[in-house]
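A closer look at the structure
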Amino acid sequence: QVQLVESGGGLVQAGGSLSVSCLASGSISSINAIGWYRQVPGKQRELVATIAGPGRGTTNYSDSVKGRFTISRDNAKNTVYLQMNSLKPEDTSVYYCYARQLTLWGLREYWGQGTQVSVSS
């Protein structure tokens, strides 16, 4: 089992910056990918950014945030961060931490409870 707890987020004006954090606990040694998705009501949850592997893993960003958002990880703190710069109103969403775990029975996915990011125009 993996537990994910997000923190950060809030309200910011367009062009501003925010960061969100995700603290992972439990069987974290078997996590092979961790990152962020977001979802607005009535729409599908979409990828924001992920980082693969336990070490300096490959990062993956959605085209909509590439160049503005940066995902990073502090393995000593079991925490993954998302730094969001040059925020736009369309970035307003609930941001969910995501982790994928490799088990003997296959892959399992975990989600945090979500944190609201609101960008005013």
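Now for a quick tour of the structure. (Residues numbered from 1 in each chain as written. Predicted model: local features only at pLDDT ≥ 70, side-chain atom pairs only at ≥ 80, totals over all residues. Heavy atoms only, no water.)

Re the pattern of salt bridges
Counted according to the given criterion, the structure contains four salt bridges. When the shortest N-O distance is used, the salt bridge between arginine 38 and glutamate 46 registers 2.6 Å. What makes glutamate 46 partly exposed here is its relative accessible area of 36%. When the shortest N-O distance is used, the salt bridge between arginine 68 and aspartate 91 registers 2.7 Å. Residue arginine 68 is located in the loop between β6 (59-61) and β7 (69-74), and its partner aspartate 91 is located in the loop between β8 (79-84) and β9 (93-103); the two are separated by 23 residues in the primary sequence. (Salt bridge = Lys/Arg side-chain N within 4 Å of Asp/Glu carboxyl O. Buried < 20%, exposed > 50% of the residue type's maximum accessible area, 1.4 Å probe, protein only. Helix = DSSP H or I, 4+ residues; strand = E, 2+ residues; numbered from the N terminus.)

Quick word on the side chain of arginine 68
Residue arginine 68 is classed as buried on the basis of its relative accessible area, which comes to 10%. Only 2.7 Å separates the side chain of arginine 68 from the side chain of aspartate 91, close enough to count as a polar contact. (Polar contact = N/O pair within 3.5 Å; in protein donor to acceptor, adjacent residues only side chain to side chain.)

What about the nonpolar core?
Core analysis: the biggest nonpolar cluster contains 27 residues, and Leu4, Ile34, Trp36, Leu82 and Met84 have the highest contact counts within it. Broken down by secondary-structure element, the contributors of at least two residues to this core are β1 (2-8), β3 (18-26), β4 (31-39), β5 (46-52), β7, β8, β9 and β11 (115-120). (Core = buried A, V, L, I, M, F, W, Y, C linked by side-chain atoms within 4.5 Å.)

Focus on the state of the cysteines
A complete count under the given rule lists one disulfide for this structure. Disulfide partner of cysteine 22: cysteine 97, at an S-S distance of 2.0 Å. Handedness of the cysteine 22-cysteine 97 disulfide follows from its S-S torsion of about -85°: it is left-handed. One end of the pair, cysteine 22, is in strand β3; the other, cysteine 97, is in strand β9, and 75 residues separate them in sequence. Given the relative accessible area of 0%, cysteine 97 is considered buried. (Disulfide = S-S within 2.5 Å.)

Such coordinate-based values are descriptive only and should not be taken to indicate function.
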